[in-house]
Amino acid sequence: MTADEQRAGVELTNLDQPLGPDAGATKRDLVDYLDAVADRILPVLTDRPLTVLRALRGRAPFMQKNVPKYTPDWVKTVPVWAAASHREIHYALCDDRRTLLWLANQRAIEYHPALGLAADIYRPTHLILDLDPPDGADFAAVVAVALLVRQALADSGLTGAVKTSGSRGVHIFVPLTEDAAGDDVAAATRALAARAEALDPSIATTAFIVEDRAGKVFVDATRSGGATVAAAYSPRFKPGIPVSFPVSWSELPEVHPSDFTVRTALERLGDGDPWAAEMPAPQRLPADLIAQGHTIPVARVAAMHEGKRRAKARREQGSV
């Protein structure tokens, strides 16, 4: 093979170049991996406005929402009004192998689809909890809290699927029926995080402010509304280029996120699609879970007010 070739009508270039100084992988590794898992990653990307992380040579990696002006006409896009920036953003829709390969050739390494479909990105199709360990924590700490979340789900009559985040934590997905309103999903996510924390507050925390977490695993309930999350099977721009990999609950204690990279994950996968296999059927959120969640303040808003309160207290203490 040469450094350039064509697949599915896409010109692939500079394939032998490294993805980054610590990547331990080349652009060819990225393209080959994504091409091999196309039939498994495309179902979780299709019809979802897509944000990608690109790592261009000589530039810091960056998150890209708006498609570049040179995007081919055959790449499907969807316009979404961004209230924060007061403009229309044209997101890519990665619905087919050709688009996936084109994105890979653009050195799009990470794939972060919206939680909702293009018709309504603010109505999540899944409830998602993101477990984030403190610096220096062993992955076993994350597993322990993931099992608390599983118990909290079971206590609420729900079940979910789990995957490594591709970084240091895990993502837990609960598929939802179509009658779940966005605000109610956000509320239920907060309630589930609180219920998991209550099962063992010595190892789990819902504290949004990092300094308040006291070395515990953070149960992040903010993946709602217009948020995104790394897709199952998405590579991550970390040393070795790990991938977000689905595992069964029974094998979760036996794995480590570093086990799955663009060079090793395919052997583990074989012909299977564990994300589809492990994902339960869509579920209706219990009314009591939603009601509890609506009594819990939105984390970012509460943290903002608390930050202002603490800053004021520091100023007042300094003036004494």
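Below: a short report on this structure. Bear in mind that the values here come from a model prediction, so they are computed numbers and not experimental data.

Thresholds applied
Residue positions are given per chain, counted from 1 along the sequence in the order it is written. The predicted nature of this model means local features are confined to residues of pLDDT at least 70 and side-chain atom pairs, given and counted, to a pLDDT of 80 or more, with totals for whole chains, interfaces and linings taken over all residues. Excluding hydrogens and water, the side-chain figures rest on all heavy atoms present in the structure. To qualify as a helix, a DSSP run of H or I must reach at least 4 residues; to qualify as a strand, a run of E must reach at least 2; elements of each kind are numbered from the N terminus. Note that the radius of gyration is over C-alpha atoms, with the globule rule given as 2.2 Å times the number of residues to the power 0.38. For each residue, the accessible area found with a 1.4 Å probe, counting protein chains only, is set against the maximum for its type, and the residue is called buried under 20%, exposed over 50%, and partly exposed in between. By definition in these notes, contact holds between two residues if any of their heavy atoms fall within 4.5 Å. Throughout, the Shrake-Rupley method with a 1.4 Å probe supplies accessible areas, and for residues the shown protein chains are the sole cover considered. Counted as positive: Lys and Arg. Counted as negative: Asp and Glu, with His and the chain ends omitted from the count. Where a charge lies is defined by one atom per residue type: Lys uses NZ, Arg uses CZ, Asp uses CG and Glu uses CD. Only Phe, Tyr and Trp rings are paired, with Trp represented by its six-membered ring, and only when their centres lie within 6.5 Å; those with planes under 30 degrees apart are stacked, over 60 edge-to-face, the remainder tilted. Placement of a positive charge over a ring is assigned whenever Lys NZ or Arg CZ falls within 6 Å of the ring centre and within 35 degrees of the normal to the ring plane. Only strands joined by at least two bridges in the DSSP assignment are considered to pair. Throughout, an axis means a line fitted to C-alpha atoms (over the contacting stretch in the case of helices), and angles, computed between N-to-C directions, take values from 0 to 180 degrees.

Looking at the overall build of the protein
In terms of helices and strands, the protein carries nine helices and 13 strands. In terms of overall dimensions, the protein is globule-like: its C-alpha atoms have a radius of gyration of 20 Å, near the 20 Å expected for 320 residues. Taking the principal axes of its C-alpha atoms as reference, the protein extends roughly 65 × 50 × 40 Å. The burial tally for the protein puts 51% of its 320 residues in the buried class. The long-range share in the protein, meaning contacts at least 24 apart out of those at least 6 apart in sequence, stands at 71%. In the structure as shown, the protein presents an accessible area of about 14,900 Å², 53% of it carried by carbon and sulfur atoms. Charged side chains of the protein number 36 positive and 40 negative; the gap between the two group centres comes to 7 Å.

Some remarks on the packing of aromatic side chains
The full count for this structure, using the stated rule, is four aromatic pairs. When the centroid spacing of 5.1 Å and the interplanar angle of 80° are considered together, the rings of Phe 173 and Trp 275 count as edge-to-face. Of this pair, Phe 173 sits in strand β10 (residues 170-175) while Trp 275 sits in helix α7 (residues 274-278), and the two are 102 residues apart along the sequence. Between Phe 208 and Phe 218, the ring centres sit 6.3 Å apart and the planes meet at 75°, which makes this aromatic pair edge-to-face. Placement of Phe 208 in the loop between β11 (204-205) and β12 (217-220) and of Phe 218 in strand β12 is noted, with a sequence separation of 10 residues between them. A relative accessible area of 5% places Phe 218 in the buried class. Above the plane of the ring of Trp 74 lies Arg 98, whose end atom (NZ or CZ) is 3.8 Å from the centre. Its guanidinium or amino end placed over the ring of Phe 218, Arg 213 lies 3.7 Å from that ring's centre, counting from NZ or CZ.

Overview of the pairing of strand β3 (residues 50-54)
Among the five residues of β3, five are classified as buried, and the element is accordingly described as predominantly covered. Burial of β3 is two-sided: the residues Leu 50, Val 52 and Arg 54 facing one way and the residues Thr 51 and Leu 53 facing the other way are all buried. Bridge analysis of β3 against strand β7 (residues 108-113) gives five bridges, and the strand direction is antiparallel. In the sheet register, Leu 53 faces β7, and the bridge partner there is Glu 110. The sheet contact formed by β3 and strand β4 (residues 62-64) spans three bridges and is antiparallel. Bridging from a neighbouring strand, Val 52 pairs with Gln 64 of β4.

Let's talk about unusual backbone geometry
Its identity is not glycine, yet Tyr 233 carries a phi of approximately 80°, on the positive side. Relative to the elements of secondary structure, Tyr 233 occurs in the loop between β12 and β13 (246-247). Tyr 233 gets classed as buried once you look at its relative accessible area, which sits at 0%.

Digging into helix α1 (residues 27-36)
Summarising burial for α1: eight of the 10 residues are buried, a large majority. Buried within α1 we find Lys 27, Arg 28, Asp 29, Leu 30, Val 31, Tyr 33, Leu 34 and Asp 35.

With respect to the sheet that holds β13
Taken in spatial order, the six strands line up as β11-β12-β8-β10-β9-β13 in an open sheet, and their pairing is mixed. Two strands bound the open sheet, and with one partner strand each, they are β11 and β13. Relative to β10, strand β9 (residues 161-164) is paired through four bridges, and the arrangement is antiparallel. Paired with Lys 163 across the strands is His 171, a residue of β10. Along the sheet, helix α4 (residues 139-155) contacts β8 (126-132), β10, β11 and β12; its crossing angle with β10, the most-contacted strand, is approximately 15°. Those strands touched by helix α5 (residues 182-199) are β8, β11 and β12, and its axis lies near 40° from that of β8.

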